[in-house]
Amino acid sequence: LTVVKHSLKSLNFNELKSYTYKDIQVGTHAKFGLMRYLKRETIDETHRVLLIKFIITAVKCLLATESVIKNVKPKHAIISHGCYSTWGTALEVLNKHKVHTIVWGRGYVSGGNMLLSHNASYLYEDIHEPNEYWNKEPQELTNYFTTFYVSIQNRTRDELQVEMND
């Protein structure tokens, strides 16, 4: 981590935003995390110090995710967002290591329905997925997600029965 911190100091602002570490786009994830933190649609040179801190956070998340993959050897992961310096980095590392992910997020329209996507941030995933991802008839799928949504809203697991191949 010391080598990374040292190397970041010599990069210009655009190089920081596109910085990669172990073939993971930590600069891009850090940029989006910083934009979210600042609640701004753009960042500039005045945000350099913060961007470096967000990149360091992304590198730490990368290393932590690699450690989990090495030690736990997951085949599947359910994660939040799939973006920003934390979840975006973790998602990209999981994808690199062929760990199937489901990324969840809360919608901001119509009461905040749950959004799910496969191997991508729900921000980038097309809401209409091919049937190959789900082996259910349309009404069964609707019932499944309705039950899932109601269970999450009520914070109970009583109604949520998910099989490994669902």
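Quick note: structure is the one above.
What counts, and where the lines are drawn
Residues numbered from 1 in each chain as written. Predicted model: local features only at pLDDT ≥ 70, side-chain atom pairs only at ≥ 80, totals over all residues. Heavy atoms only, no water. Helix = DSSP H or I, 4+ residues; strand = E, 2+ residues; numbered from the N terminus. Expected span 1.5 Å × (residues − 1). Contact = heavy atoms within 4.5 Å. Pairing = 2+ DSSP bridges. Axes fitted to C-alpha atoms, helices over the stretch in contact; angles between N-to-C directions. Parallel < 35°, antiparallel > 145°, perpendicular 65-115°, else oblique. Left-handed = near helix turned anticlockwise from the far one by under 90°. Nonpolar A, V, L, I, M, F, W, Y, C, P; charged D, E, K, R; others polar. Core = buried A, V, L, I, M, F, W, Y, C linked by side-chain atoms within 4.5 Å. Buried < 20%, exposed > 50% of the residue type's maximum accessible area, 1.4 Å probe, protein only. Phe/Tyr/Trp six-rings, centres within 6.5 Å; stacked < 30°, edge-to-face > 60°.

Colleague: Help me understand helix α3 (residues 26-38), please; the structure alone is not making it clear to me.
Modeller: Residues spaced three or four apart along an α-helix face the same direction, because each turn holds 3.6 residues. With 13 residues, α3 ought to run about 18 Å at 1.5 Å a step, and its terminal C-alpha atoms sit 18 Å apart, in line with that. The secondary structure elements touched by the buried residues of α3 are α2 (13-17), α4 (48-72) and α5 (84-96). Positive phi appears at Lys39, one or two residues downstream of α3, with a value of about 55°.

Colleague: Whenever I open this one, the sheet that holds strand β2 (residues 100-106) confuses me. Can you help?
Modeller: What holds strands together in a sheet is hydrogen bonding between their backbones, with the strands either parallel or antiparallel. In spatial order, the strands read β1-β2-β3; together these three strands make up an open sheet with mixed pairing. Looking at strand neighbours, the two that pair on one side only are β1 (76-80) and β3 (114-118), the edges of this open sheet. On average, each strand axis in the sheet is inclined to that of its neighbour by 20°, with strand direction left out of account. Summarising the sheet, β2 and β3 pair through five bridges and their orientation is antiparallel. Considered in β3, the bridge of Val103 is made with Ser117.

Colleague: Whenever I open this one, the packing of α4 against α5 confuses me. Can you help?
Modeller: What describes two packed helices is the angle between their axes and the distance between those same axes. Look at α4 against α5: their axes get within 8 Å of each other, and the N-to-C directions meet at 40°. In terms of axis orientation, α4 runs oblique to α5. For the pair α4 and α5, the sense of crossing is right-handed. Side by side, α4 and α5 meet where Phe54, Thr57, Ala58, Cys61, Leu62, Thr65, Glu66 and Ile69 of the first sit next to Ser85, Thr86, Thr89, Ala90, Val93 and Leu94 of the second. Looking at side-chain class alone, the contact of α4 with α5 contains eight nonpolar, five polar and one charged residues.

Colleague: What's the story with the nonpolar core in this structure? I'm lost.
Modeller: Nonpolar side chains tend to gather and get buried jointly when the protein is soluble and globular. Counting residues in each nonpolar core, the largest one holds 28 residues, and the members touching the most others are Leu8, Leu16, Tyr19, Val26, Leu51 and Ile55. Considering each element in turn, this core owes the most residues, nine residues, to α4. Ignoring sequence-local partners within four residues, the contact set of Leu51 consists of Phe13, Leu16, Lys17, Ala30, Lys31, Leu34 and Ile43.

Colleague: In this structure, what is going on with unusual backbone geometry? I would like to understand it.
Modeller: Negative phi values dominate among residues other than glycine, just as trans dominates among peptide bonds. For Lys22, which is not glycine, the phi torsion reads 55° and is therefore positive. Relative to the helices and strands, Lys22 is located in the loop between α2 and α3. Residue classification places Lys22 among the partly exposed positions, given a relative accessible area of 38%. Although it is not a glycine, His81 adopts a positive phi angle of roughly 60°. As for its placement among the helices and strands, His81 is situated in the loop between β1 and α5.

Colleague: It is not clear to me how the environment of Trp87 should be interpreted in this structure. Could you clarify?
Modeller: By the element assignment, Trp87 lies in helix α5. If we ignore the near neighbours within four places in the chain, the residues touching Trp87 are Ile79, Ser80, His81 and Gly82.

Colleague: Looking at this structure, I do not really get the packing of aromatic side chains. What am I missing?
Modeller: Geometry of an aromatic ring pair is reported as the spacing of the ring centres plus the angle between the planes. A full pass over the atoms with the stated rule returns one aromatic pair. Seen in terms of ring centroids, Tyr37 and Phe54 are 5.7 Å apart; in terms of plane orientation they differ by 55°. Their pairing is tilted. Residue Tyr37 is located in helix α3, and its partner Phe54 is located in helix α4; the two are separated by 17 residues in the primary sequence. By relative accessible area, which is 56% here, Tyr37 ends up exposed.

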